[in-house]
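Understanding the architecture of this molecule
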Amino acid sequence: MAKDYYSILGVSRDASDEEIKIAYRKLAKKFHPDVSKEPNAEERFKEISEAYQVLSDKEKRAKFDAGELDEKEINVEYTNYSLREILEFLITGNPPRRSKILTVPIEITIQEAVFGTQKEIEYESYAPCAYCNATGAWQANTWMLCPKCKGAKYVTRIVRSGFSRQVVQELCSRCRGYGQVMEQVCTYCGGKGRTLVRKRNIIVVPRGIDDGMKFIVPSLGDFSEDGQGDLAVQVKIKPDPYYRKIGADLVFDLHIGIVQAALGCVVPIPTLDGIPLSLSIPQGTQPNTQLRIQNRGGYRLKNPSRGTLIVNVIVEVPRTVTQRQRELFLEIAKEQGCDSELLKQGHFNKLV
Ligand SMILES: [Zn+2]
Ligand SMILES: [Zn+2]
(Lines give C-alpha, C1' and ligand atoms only; values in the text may rest on other atoms or scores of the structure.)
(Ligands and ions follow the chains in the order given, each with its own letter.)
Protein backbone atom coordinates (compact mmCIF):
# COMPACT_ATOMS: atom_id res chain seq x y z
CA MET A 1 0.00 0.00 0.00
CA ALA A 2 1.21 3.49 -0.78
CA LYS A 3 2.31 5.69 2.10
CA ASP A 4 -0.30 7.98 3.57
CA TYR A 5 1.47 11.29 3.93
CA TYR A 6 -1.39 12.78 5.92
CA SER A 7 -1.21 10.20 8.66
CA ILE A 8 2.61 10.39 8.65
CA LEU A 9 2.33 14.09 9.51
CA GLY A 10 -0.71 13.49 11.70
CA VAL A 11 -2.94 15.95 9.88
CA SER A 12 -6.40 15.63 8.32
CA ARG A 13 -6.86 15.38 4.58
CA ASP A 14 -8.17 18.93 4.39
CA ALA A 15 -5.34 20.40 6.47
CA SER A 16 -4.26 23.90 5.50
CA ASP A 17 -0.71 24.69 4.33
CA GLU A 18 -0.07 26.29 7.68
CA GLU A 19 -1.24 23.21 9.62
CA ILE A 20 1.01 21.04 7.50
CA LYS A 21 3.94 23.33 8.13
CA ILE A 22 3.31 23.35 11.89
CA ALA A 23 3.01 19.57 11.97
CA TYR A 24 6.27 19.18 10.07
CA ARG A 25 8.07 21.66 12.33
CA LYS A 26 6.93 19.76 15.40
CA LEU A 27 7.95 16.38 14.00
CA ALA A 28 11.26 17.68 12.62
CA LYS A 29 12.16 18.94 16.10
CA LYS A 30 11.33 15.51 17.49
CA PHE A 31 12.97 13.29 14.87
CA HIS A 32 15.79 15.28 13.28
CA PRO A 33 18.94 13.15 13.73
CA ASP A 34 20.75 16.28 15.01
CA VAL A 35 18.70 16.22 18.20
CA SER A 36 16.59 13.07 18.35
CA LYS A 37 17.32 10.17 20.66
CA GLU A 38 14.56 8.03 19.14
CA PRO A 39 15.95 4.70 17.89
CA ASN A 40 14.61 5.04 14.34
CA ALA A 41 14.97 8.82 14.12
CA GLU A 42 16.70 8.88 10.76
CA GLU A 43 14.06 6.71 9.11
CA ARG A 44 11.22 8.71 10.62
CA PHE A 45 12.81 12.00 9.69
CA LYS A 46 13.16 10.88 6.07
CA GLU A 47 9.54 9.82 6.06
CA ILE A 48 8.14 13.05 7.50
CA SER A 49 10.39 15.12 5.21
CA GLU A 50 9.10 13.23 2.22
CA ALA A 51 5.52 13.76 3.40
CA TYR A 52 6.10 17.47 3.94
CA GLN A 53 7.82 17.84 0.62
CA VAL A 54 4.80 16.43 -1.21
CA LEU A 55 2.00 18.01 0.85
CA SER A 56 3.57 21.49 0.89
CA ASP A 57 3.64 21.55 -2.90
CA LYS A 58 0.17 22.32 -4.32
CA GLU A 59 0.69 20.42 -7.53
CA LYS A 60 2.23 17.33 -5.91
CA ARG A 61 -0.43 17.32 -3.19
CA ALA A 62 -3.21 17.35 -5.80
CA LYS A 63 -1.56 14.48 -7.66
CA PHE A 64 -1.10 12.57 -4.41
CA ASP A 65 -4.77 13.06 -3.51
CA ALA A 66 -5.76 11.73 -6.93
CA GLY A 67 -3.35 8.79 -6.53
CA GLU A 68 -1.31 9.92 -9.51
CA LEU A 69 1.93 11.01 -7.89
CA ASP A 70 4.94 9.60 -9.70
CA GLU A 71 7.74 8.39 -7.42
CA LYS A 72 10.22 10.30 -9.54
CA GLU A 73 8.63 13.56 -8.39
CA ILE A 74 9.48 12.84 -4.78
CA ASN A 75 12.82 14.07 -3.62
CA VAL A 76 13.99 14.23 -0.08
CA GLU A 77 16.48 17.06 -0.28
CA TYR A 78 15.56 18.28 3.20
CA THR A 79 17.17 15.23 4.69
CA ASN A 80 20.56 16.86 4.05
CA TYR A 81 19.64 20.01 5.95
CA SER A 82 20.44 20.63 9.59
CA LEU A 83 17.54 21.16 11.99
CA ARG A 84 18.44 24.85 12.27
CA GLU A 85 18.35 25.17 8.48
CA ILE A 86 14.96 23.48 8.31
CA LEU A 87 13.41 25.67 10.99
CA GLU A 88 14.79 28.76 9.25
CA PHE A 89 13.47 27.51 5.97
CA LEU A 90 10.00 26.99 7.43
CA ILE A 91 9.96 30.61 8.60
CA THR A 92 11.55 32.28 5.58
CA GLY A 93 10.55 29.94 2.75
CA ASN A 94 14.09 30.24 1.39
CA PRO A 95 15.99 26.97 1.08
CA PRO A 96 19.34 26.95 2.94
CA ARG A 97 22.15 28.69 1.15
CA ARG A 98 25.02 26.45 0.36
CA SER A 99 28.09 28.07 -1.06
CA LYS A 100 28.85 26.26 -4.26
CA ILE A 101 32.41 25.22 -4.99
CA LEU A 102 33.65 26.11 -8.43
CA THR A 103 35.27 23.17 -10.22
CA VAL A 104 37.93 23.53 -12.91
CA PRO A 105 39.19 20.49 -14.85
CA ILE A 106 42.88 20.00 -15.72
CA GLU A 107 44.70 17.43 -17.77
CA ILE A 108 48.17 16.29 -16.70
CA THR A 109 50.69 13.69 -17.78
CA ILE A 110 51.34 10.56 -15.75
CA GLN A 111 54.75 11.99 -14.86
CA GLU A 112 53.15 15.14 -13.46
CA ALA A 113 50.70 13.02 -11.46
CA VAL A 114 53.51 10.95 -9.96
CA PHE A 115 55.87 13.77 -9.07
CA GLY A 116 53.50 16.74 -8.72
CA THR A 117 53.70 19.90 -10.79
CA GLN A 118 52.63 23.50 -11.13
CA LYS A 119 50.00 24.40 -13.68
CA GLU A 120 48.67 27.66 -14.95
CA ILE A 121 44.90 27.52 -15.17
CA GLU A 122 42.52 29.98 -16.77
CA TYR A 123 38.86 30.01 -15.84
CA GLU A 124 35.82 32.21 -15.34
CA SER A 125 34.71 32.96 -11.83
CA TYR A 126 32.92 35.58 -9.75
CA ALA A 127 34.96 38.41 -8.23
CA PRO A 128 33.82 41.26 -5.96
CA CYS A 129 32.39 44.09 -8.06
CA ALA A 130 35.08 46.74 -8.24
CA TYR A 131 32.63 49.56 -8.89
CA CYS A 132 30.48 49.21 -5.79
CA ASN A 133 33.11 47.51 -3.63
CA ALA A 134 30.86 44.41 -3.52
CA THR A 135 28.04 46.24 -1.75
CA GLY A 136 25.72 46.15 -4.76
CA ALA A 137 24.82 49.77 -4.06
CA TRP A 138 25.67 52.57 -6.42
CA GLN A 139 27.46 54.45 -3.71
CA ALA A 140 29.06 52.77 -0.75
CA ASN A 141 26.89 54.54 1.82
CA THR A 142 23.48 54.41 0.22
CA TRP A 143 22.03 51.73 2.45
CA MET A 144 18.91 52.81 4.26
CA LEU A 145 16.49 51.30 6.77
CA CYS A 146 13.92 49.08 5.06
CA PRO A 147 10.71 51.08 4.83
CA LYS A 148 8.53 47.96 5.10
CA CYS A 149 9.86 46.22 8.22
CA LYS A 150 11.64 49.27 9.68
CA GLY A 151 14.75 47.16 10.08
CA ALA A 152 13.03 44.34 11.98
CA LYS A 153 13.78 41.88 9.11
CA TYR A 154 10.48 40.04 9.70
CA VAL A 155 6.87 41.07 9.26
CA THR A 156 3.94 39.46 11.04
CA ARG A 157 0.82 38.22 9.37
CA ILE A 158 -2.37 36.73 10.75
CA VAL A 159 -3.41 33.42 9.29
CA ARG A 160 -6.91 32.12 9.80
CA SER A 161 -7.49 28.45 9.69
CA GLY A 162 -10.83 27.09 10.74
CA PHE A 163 -11.75 28.90 13.94
CA SER A 164 -8.24 29.60 15.02
CA ARG A 165 -6.18 32.62 14.19
CA GLN A 166 -2.49 32.45 14.17
CA VAL A 167 0.20 35.05 14.00
CA VAL A 168 3.04 34.02 11.76
CA GLN A 169 6.32 35.72 11.16
CA GLU A 170 7.52 36.01 7.61
CA LEU A 171 10.76 37.25 6.20
CA CYS A 172 10.32 40.81 4.93
CA SER A 173 9.83 40.62 1.18
CA ARG A 174 11.16 44.12 0.53
CA CYS A 175 14.62 43.70 2.11
CA ARG A 176 14.69 39.90 2.11
CA GLY A 177 15.63 39.87 5.77
CA TYR A 178 18.51 42.31 5.68
CA GLY A 179 16.61 45.09 7.42
CA GLN A 180 18.18 47.54 5.03
CA VAL A 181 17.66 48.30 1.38
CA MET A 182 19.77 50.03 -1.19
CA GLU A 183 18.71 53.38 -2.41
CA GLN A 184 20.22 52.77 -5.77
CA VAL A 185 21.53 49.57 -7.27
CA CYS A 186 25.02 49.36 -8.78
CA THR A 187 24.48 49.31 -12.53
CA TYR A 188 27.72 47.49 -13.18
CA CYS A 189 26.87 44.31 -11.24
CA GLY A 190 23.10 44.80 -11.14
CA GLY A 191 23.18 44.96 -7.33
CA LYS A 192 24.67 41.49 -7.00
CA GLY A 193 27.97 42.81 -5.67
CA ARG A 194 29.97 40.49 -7.92
CA THR A 195 30.89 40.17 -11.56
CA LEU A 196 32.11 37.31 -13.73
CA VAL A 197 35.79 37.70 -14.63
CA ARG A 198 38.46 35.66 -16.35
CA LYS A 199 41.08 34.53 -13.85
CA ARG A 200 44.54 33.13 -14.41
CA ASN A 201 46.31 31.39 -11.56
CA ILE A 202 49.22 29.07 -10.98
CA ILE A 203 48.25 26.10 -8.86
CA VAL A 204 50.33 23.38 -7.26
CA VAL A 205 49.24 19.87 -8.22
CA PRO A 206 50.16 17.56 -5.31
CA ARG A 207 52.31 14.56 -6.17
CA GLY A 208 50.59 11.20 -6.03
CA ILE A 209 47.28 12.50 -7.33
CA ASP A 210 45.12 10.01 -9.22
CA ASP A 211 42.91 10.19 -12.27
CA GLY A 212 39.44 11.49 -11.37
CA MET A 213 40.53 12.99 -8.04
CA LYS A 214 39.68 16.51 -6.93
CA PHE A 215 41.79 18.74 -4.75
CA ILE A 216 40.85 22.05 -3.17
CA VAL A 217 42.72 25.29 -3.64
CA PRO A 218 41.55 27.72 -0.95
CA SER A 219 40.14 31.12 -1.92
CA LEU A 220 40.49 30.85 -5.68
CA GLY A 221 36.81 30.10 -6.35
CA ASP A 222 33.73 32.27 -6.67
CA PHE A 223 33.13 35.32 -4.55
CA SER A 224 29.61 35.35 -3.07
CA GLU A 225 27.66 36.76 -0.14
CA ASP A 226 29.29 34.05 1.95
CA GLY A 227 32.75 35.39 1.12
CA GLN A 228 35.54 34.13 -1.08
CA GLY A 229 34.88 30.51 -2.07
CA ASP A 230 37.38 27.74 -2.71
CA LEU A 231 38.28 26.18 -6.01
CA ALA A 232 38.12 22.46 -6.71
CA VAL A 233 40.54 21.17 -9.35
CA GLN A 234 39.43 17.98 -11.07
CA VAL A 235 42.33 15.90 -12.40
CA LYS A 236 42.40 13.86 -15.58
CA ILE A 237 45.57 11.92 -16.40
CA LYS A 238 46.37 11.66 -20.11
CA PRO A 239 46.93 8.09 -21.28
CA ASP A 240 50.64 7.25 -21.51
CA PRO A 241 52.01 4.93 -24.21
CA TYR A 242 54.26 3.08 -21.73
CA TYR A 243 53.05 3.51 -18.18
CA ARG A 244 49.83 2.97 -16.30
CA LYS A 245 49.26 4.29 -12.78
CA ILE A 246 47.34 2.16 -10.32
CA GLY A 247 47.29 4.04 -7.04
CA ALA A 248 50.94 4.48 -6.10
CA ASP A 249 52.06 1.57 -8.31
CA LEU A 250 53.29 1.99 -11.87
CA VAL A 251 52.83 -0.71 -14.49
CA PHE A 252 55.20 -0.99 -17.44
CA ASP A 253 54.78 -3.48 -20.30
CA LEU A 254 58.16 -4.87 -21.34
CA HIS A 255 58.29 -6.70 -24.66
CA ILE A 256 61.13 -9.24 -25.09
CA GLY A 257 61.85 -11.96 -27.60
CA ILE A 258 61.76 -15.70 -26.99
CA VAL A 259 65.55 -15.96 -27.03
CA GLN A 260 65.87 -13.29 -24.31
CA ALA A 261 63.18 -15.04 -22.29
CA ALA A 262 64.87 -18.41 -22.65
CA LEU A 263 68.44 -17.29 -22.00
CA GLY A 264 67.83 -14.31 -19.68
CA CYS A 265 69.13 -10.79 -20.29
CA VAL A 266 69.58 -7.32 -18.83
CA VAL A 267 67.19 -4.67 -20.20
CA PRO A 268 67.26 -0.89 -19.59
CA ILE A 269 63.83 0.38 -18.47
CA PRO A 270 62.87 3.96 -19.41
CA THR A 271 61.80 5.30 -15.99
CA LEU A 272 59.54 8.27 -15.29
CA ASP A 273 62.01 9.76 -12.79
CA GLY A 274 64.87 9.54 -15.31
CA ILE A 275 67.03 7.51 -12.90
CA PRO A 276 68.54 4.65 -14.93
CA LEU A 277 67.18 1.22 -14.19
CA SER A 278 68.61 -2.01 -15.60
CA LEU A 279 66.34 -4.95 -15.09
CA SER A 280 67.69 -8.50 -15.03
CA ILE A 281 65.36 -10.91 -16.75
CA PRO A 282 66.16 -14.36 -15.39
CA GLN A 283 66.65 -17.22 -17.82
CA GLY A 284 63.51 -19.21 -18.46
CA THR A 285 61.18 -16.26 -17.81
CA GLN A 286 57.61 -17.20 -18.76
CA PRO A 287 55.19 -14.94 -20.68
CA ASN A 288 53.18 -12.54 -18.45
CA THR A 289 55.63 -12.81 -15.57
CA GLN A 290 55.41 -9.76 -13.31
CA LEU A 291 58.65 -8.41 -11.91
CA ARG A 292 58.20 -6.07 -8.97
CA ILE A 293 60.68 -3.39 -8.00
CA GLN A 294 59.87 -1.86 -4.60
CA ASN A 295 60.10 1.92 -4.09
CA ARG A 296 60.37 2.71 -7.81
CA GLY A 297 56.63 3.29 -8.37
CA GLY A 298 54.81 6.59 -7.93
CA TYR A 299 54.73 8.72 -4.81
CA ARG A 300 51.84 8.27 -2.44
CA LEU A 301 49.60 11.24 -1.82
CA LYS A 302 50.72 13.25 1.26
CA ASN A 303 53.33 10.63 2.01
CA PRO A 304 57.07 10.53 1.20
CA SER A 305 57.09 6.80 0.36
CA ARG A 306 56.79 5.33 -3.11
CA GLY A 307 54.85 2.39 -4.50
CA THR A 308 56.07 -0.50 -6.62
CA LEU A 309 57.18 -0.55 -10.23
CA ILE A 310 55.53 -3.57 -11.81
CA VAL A 311 57.13 -4.80 -15.02
CA ASN A 312 54.83 -7.00 -17.07
CA VAL A 313 57.00 -9.23 -19.21
CA ILE A 314 55.43 -9.89 -22.59
CA VAL A 315 57.26 -12.54 -24.60
CA GLU A 316 56.90 -11.97 -28.31
CA VAL A 317 57.15 -14.81 -30.79
CA PRO A 318 58.59 -13.62 -34.13
CA ARG A 319 55.93 -13.44 -36.85
CA THR A 320 58.48 -13.94 -39.61
CA VAL A 321 61.98 -15.45 -39.57
CA THR A 322 64.94 -15.02 -41.89
CA GLN A 323 66.40 -18.02 -43.69
CA ARG A 324 69.29 -18.11 -41.21
CA GLN A 325 66.95 -17.90 -38.20
CA ARG A 326 64.87 -20.72 -39.64
CA GLU A 327 67.96 -22.91 -39.88
CA LEU A 328 68.85 -22.10 -36.26
CA PHE A 329 65.33 -22.88 -35.04
CA LEU A 330 65.48 -26.18 -36.93
CA GLU A 331 68.73 -26.92 -35.14
CA ILE A 332 66.98 -26.40 -31.80
CA ALA A 333 64.08 -28.54 -32.96
CA LYS A 334 66.50 -31.33 -33.89
CA GLU A 335 68.17 -30.98 -30.49
CA GLN A 336 64.75 -31.35 -28.85
CA GLY A 337 64.01 -34.45 -30.95
CA CYS A 338 61.31 -32.88 -33.15
CA ASP A 339 60.65 -34.35 -36.60
CA SER A 340 62.54 -31.77 -38.63
CA GLU A 341 61.06 -33.03 -41.94
CA LEU A 342 57.53 -32.04 -40.87
CA LEU A 343 58.76 -28.68 -39.61
CA LYS A 344 60.41 -27.98 -42.95
CA GLN A 345 57.14 -28.54 -44.79
CA GLY A 346 55.44 -26.09 -42.52
CA HIS A 347 53.12 -28.85 -41.28
CA PHE A 348 52.53 -27.21 -37.90
CA ASN A 349 51.89 -23.84 -39.51
CA LYS A 350 48.91 -25.34 -41.35
CA LEU A 351 47.43 -26.73 -38.19
CA VAL A 352 47.20 -23.31 -36.58
ZN1 LIG B 1 12.41 44.83 5.39
ZN1 LIG C 1 28.58 46.58 -8.32
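The present account deals with the structure reproduced in this document. (Residues numbered from 1 in each chain as written. Chains lettered and ligands numbered in written order. Predicted model: local features only at pLDDT ≥ 70, side-chain atom pairs only at ≥ 80, totals over all residues.)

**Here's the deal with the sheet that holds strand β11 (residues 231-237)**
Strand order in this open sheet of 3 strands is β1-β11-β8, and the pairing throughout is mixed. A single partner strand is all that each edge strand has here, and the edge strands are β1 (102-108) and β8 (214-217). This sheet shows a mean twist of 30° between the axes of neighbouring strands, independent of strand direction. In this sheet, β11 lies alongside β8 in antiparallel orientation, the contact comprising 4 bridges. Of the residues in β11, the one forming a bridge with I216 is A232. (Pairing = 2+ DSSP bridges. Helix = DSSP H or I, 4+ residues; strand = E, 2+ residues; numbered from the N terminus. Axes fitted to C-alpha atoms, helices over the stretch in contact; angles between N-to-C directions.)

**So, the packing of helix α2 (residues 17-31) against helix α5 (residues 83-92)**
In a packed pair of helices, the relevant descriptors are the angle between the two axes and the axis-to-axis distance. Running from amino to carboxyl end, α2 crosses α5 at an angle of 165°, the nearest separation of the two axes being 11 Å. Classified by the interaxial angle, the pair formed by α2 and α5 is roughly antiparallel. The chirality of how α2 crosses α5 is left-handed. Seen from α2, the contacting residues are K21, R25 and A28; seen from α5, they are L83, I86, L87 and L90. (Parallel < 35°, antiparallel > 145°, perpendicular 65-115°, else oblique. Left-handed = near helix turned anticlockwise from the far one by under 90°. Contact = placed C-beta atoms within 7 Å.)

**Quick notes on the environment of G151**
Tracing the backbone through its elements, the reader meets G151 in the loop between β3 (143-145) and β4 (154-161). For G151, a count of 14 C-beta atoms within 10 Å translates into the label partly exposed. With 30 residues separating them in the primary sequence, G151 and V181 have C-alpha atoms 9.2 Å apart. (Buried ≥ 20, exposed ≤ 12 C-beta atoms within 10 Å, placed from the backbone.)

**Observations concerning unusual backbone geometry**
Located in the positive-phi region is N133, a residue other than glycine, with phi close to 55°. Within the fold, N133 resides in the loop between β2 (117-128) and β3. The phi dihedral of R176 is positive, around 55°, even though this residue is not glycine. A residue is classified by how many C-beta atoms lie within 10 Å of it, and R176, with 13 of them, is partly exposed.

Distances and angles like these do not, on their own, reveal function.
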